[in-house]
Amino acid sequence: METLIPTINRLQEVFLTVGADIIQLPQIVVVGSQSSGKSSVLESLVGRDFLPRGSGIVTRRPLVLQLINVSPLKERLKVENGVKAEEWGTFIHCKSQIFTDFQEICQEIVAETERSLGDNKGISPEPIYLKIFSPNVLNLTLVDLPGITKVPVGDQPEDIETQVQEMILSFISNPNSLILAVSPANSDLATSDALKLAREVDPDGRRTLLVVSKLDLMDAGTDALEVLLGRVIPVRLGIIGVVNRSQHDINTQKSLEDSMKDEQTFLQRHYPSLASRAGSRYLAKTLSKLLMHHIRDCLPELKTRVTVLSAQYQARLNGYGQPVEDHSATLLQIVTKFASDYCNTIEGTARHIQTTELCGGARICYIFHETFGRTLQSIDPLGGLTDLDILTAIRNATGPRPALFVPEVSFELLVKRQMKRLVEPSLRCVELVHEELQRIIQHCSSFSTQELLRFPKLHDSIVEVVTGLLRKRLPITNEMVHNLVAIELAYINTKHPDFTDAAQVSASVNSQQAEAVDGGKRWKNEKAAEEKTPATGFSSPSKGQAINLLDTALPVSRKLTSKEQRDCEVIQRLIKSYFLIVRKSIQDSVPKTVMHFLVNHVKEHLQSELVGQLYKQPLLHELLIESQDTAQQRTEVAQMLEALKKANNVISEIRETHLW
């Protein structure tokens, strides 16, 4: 059990070297208001004067105090750390310097505080680490914090109260810390600031020990017996009363040993029933015992935490890779890996598969069969085509002669107009696939090729090469898609096997020819009858009166005759039937064209293009310069991993029997 506190001290030093606070180590945090007697309590635990004193906030930085018990000088088998003194102290910031004069320790605390904060009264959360070696102390680790203050004094910041409270809470919020709350006996315990802060983070009081200081300064006729027995405010770990040295004792340099004798005398006289469970010596033993048991309880979780963090930091270090030695091999490896990941993302065999959205080949498939397919299906074969447009096309196709039958030229003219509407969605399909191929570059950079992130210039160069290859293939693919529609426009195949409406229309035209012959005979008979009947309602224009045929505007819309209606229906049926044939062909051929001229070409030529553009001797060293952040992070992670390994070794030295 005795080895547990030194073990925690060693762990504290291990993590101090990397400046990290990722492990919450067990320690005792001393909390109290200004002039509550905190300094006297700590000095009584050490048995020497070593803390700065004065008015206002004297402790302006946390003081991590490690008390280490050593054998008396005359009993030592060897000289401890090359020191022949009975007691001495060391600061971590002073490296190997050893202080045998405790007044010098006090001066160094003041000097180190002023080095970081200046001579104002501000505070800093950066700790000062002090070790004290003595045969008169028990193994302990304590953290002395600035005293709680209410009103800023002198040049203290206006929010000094908030700053102090936030600092205290940051230390006592650690679930592995014990809280030593110091409250003077001559003030009401119900208003104790130290207990109030302790209750905020430890409402059950499982981690709190209360020290009632200045028992000798209570008003005449009163005592703290009810408080010390826990009848006023119960505290789970107990309440211990102590008698502090007075300012007169400090001024006259009364020794701590004499002060402790006087303390015991006072306790025997005023609190005889509690004398064996009060005083500075009992406080030191209680704290050492509590801390050892607390470390014993925390150690299994601490060991697990160190093991988990070691695995995490080892994985991070592996992710940063090793420093580059062979530039040629490294470049080829990264380029090959990137090209492989790029192709695998298209094929759907990549290691890092997205679960939040479609990407790579899956998105290209979606573009072909959902986006492009639905867009083509939504195009109305007769959209934007009115009956008047059809009649106009029929008349224009017949010239000055009235049309007896539907001319084939008008059908071709109109169906080509509708087929041209397929160009825009086809080109949009190419554009969407091109955008997805661009997105795959970033996907591979972020997820698949962690090595690539180490070298910003190489990353940018690879992106530039792949983007250039895609940019080069885009106009070629667009031209081929244009050609697909142009091929369909070049020849209207009315003999297409699927163009069944053409045969039906041909039969309809034959029947129209027969009707036209019969209609001619009827027209002759009707004409003869009209000649015998006198004209009514309309008369021929008289001589000398000219008729201007251009005075009457051509109506935009009118009721179609039965023949015109029939001709429009024929053309509409033919256009719709042939348009569906062409649309089906385009829907099938555009994805094939995009895959051949864009996607597959990029897959096949990506690696050779990257090697050809980047594998050049003058560029190797320039491309493989690591980013400053990566190199720094690798160093920090390596240091942290080394610290965790040391911590694991330190914890492993504790045999299981020591824990029970």
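Now for a description of the structure that goes with this document. (Residues numbered from 1 in each chain as written. Predicted model: local features only at pLDDT ≥ 70, side-chain atom pairs only at ≥ 80, totals over all residues. Heavy atoms only, no water.)

## With respect to the packing of helix 1 (residues 4-16) against helix 9 (residues 280-320)
Quick note on the threshold: Angles here are taken between N-to-C directions and fall from 0 to 180 degrees, while the axes themselves are lines fitted to C-alpha atoms, restricted in helices to the stretch in contact. By definition, any uninterrupted DSSP run of H or I lasting at least four residues is a helix, any uninterrupted run of E lasting at least two residues is a strand, and each is numbered from the N terminus. Orientation categories follow fixed angle ranges, with anything under 35 degrees roughly parallel, anything over 145 roughly antiparallel, 65 to 115 roughly perpendicular, and all other angles oblique. Crossing chirality is assigned from the near helix's rotation relative to the far helix, an anticlockwise turn below a right angle marking it left-handed and a clockwise turn marking it right-handed. Note on contacts: a residue pair is in contact if any heavy atoms of the two residues lie within 4.5 Å.
Direction vectors running N to C along helix 1 and helix 9 enclose 60 degrees, while the axes themselves pass 9 Å from each other. By the criterion of interaxial angle, the relationship of helix 1 to helix 9 is oblique. As helix 1 packs across helix 9, the resulting crossing turns out to be left-handed. Residue-level inspection shows L4, I5, I8 and L11 of helix 1 in contact with helix 9, the latter providing S288, L291, M292, I295, R296, L299 and L302.

## Here's the deal with the pairing of strand 1 (residues 27-32)
Our working definition: Residue burial is assigned from relative accessible area. The probe radius is 1.4 Å, only protein chains are included, and a residue is buried under 20% of its type maximum, exposed over 50%, and partly exposed in between. The pairing criterion is simple: DSSP has to find at least two bridges between the two strands.
Counted residue by residue, strand 1 has six buried out of six residues, so it is predominantly covered. The alternating pattern of strand 1 places Q27, V29 and V31 on one face and I28, V30 and G32 on the opposite face, and all of these are buried. By the bridge criterion, six bridges tie strand 1 to strand 7 (residues 177-184) in an arrangement that is parallel. In the strand pairing of strand 7, G32 is matched with V182. Relative to strand 6 (residues 140-144), strand 1 runs parallel, the two being bridged by three bridges. Residue pairing across strands places V30 opposite D144, the latter belonging to strand 6.

## Quick notes on the side chain of T477
Our working rule: Polar contacts, as used here, are pairs of N or O atoms within 3.5 Å; protein pairs need one atom able to donate a hydrogen and one able to accept it. Residues neighboring in sequence count only if both atoms are side-chain atoms.
Mapped onto the secondary structure, T477 falls in helix 15 (residues 456-490). Classification of T477 by relative accessible area gives buried; the value is 0%. Within the structure, T477 has its side chain in polar contact with the backbone oxygen of R473 (distance 2.9 Å). Setting aside anything within four residues of it in sequence, one finds T477 in contact with V430, T593, V594, F597 and L598.

## Observations concerning unusual backbone geometry
Positive phi, close to 55 degrees, is recorded for K214, a residue that is not glycine. The residue K214 is located in the loop between strand 8 (208-213) and helix 6 (225-228) in this model.

## A short note on the packing of aromatic side chains
Heads up, the rule is: For this analysis, a ring pair means two rings from Phe, Tyr or Trp (six-membered ring only for Trp) whose centres lie within 6.5 Å, classed as stacked if their planes differ by under 30 degrees, edge-to-face if by over 60, and tilted for the remaining angles.
Tallied over the entire structure, the rule returns seven aromatic pairs. Ring geometry for W88 and F133: centres 4.9 Å apart, planes at 10 degrees, overall stacked. Here W88, found in strand 3 (residues 88-91), pairs with F133, found in strand 5 (residues 128-134); they are 45 residues apart in sequence, far enough to count as distant. Like F133, W88 is buried. Among the aromatic residues, those joined into a ring-pair cluster are F411, F499 and Y578.

## A closer look at helix 17 (residues 562-614)
This is how it is decided: Multiplying 1.5 Å by the helix residue count minus one yields the expected span of that helix. In this scheme, the bend at a residue equals the angle between the axes fitted to the seven residues that finish there and the seven that begin there.
Helix length check: helix 17, at 53 residues, gives a terminal C-alpha distance of 73 Å against a target of 78 Å (1.5 Å per residue), a fit within 8%. Helix geometry: helix 17 is bent most strongly at H605, by close to 50 degrees.

## Some details on helix 1
Taking 1.5 Å of rise per residue, 13 residues should cover 18 Å, and helix 1 covers 18 Å from first to last C-alpha, within 8% of that figure. Every buried residue of helix 1 is listed here: L4, I5, T7, I8, N9, L11, Q12, V14 and F15. Structurally, helix 1 contributes buried residues whose contacts are with strand 1, strand 2 (63-69), strand 5, strand 6, helix 9 and helix 19 (628-652).

## Considerations on the pairing of strand 2
For a regular strand, the rule is simple: side chains alternate between the two faces of the sheet. Burial of strand 2 is extensive: six of the seven residues sit out of reach of the surface. Inspection of the sheet shows strand 2 paired to strand 5 by seven bridges, in the parallel sense. Of the residues in strand 5, the one forming a bridge with L67 is I132. Pairing of strand 2 with strand 6, which is carried by five bridges, proceeds in the antiparallel orientation. Within strand 6, the residue paired with L67 across the bridge is L140.

## A look at the environment of L217
Along the chain, the position of L217 falls in the loop between strand 8 and helix 6. Each C-alpha atom of the pair L217 and V243 lies 8.7 Å from the other, and the pair is 26 residues apart in sequence.

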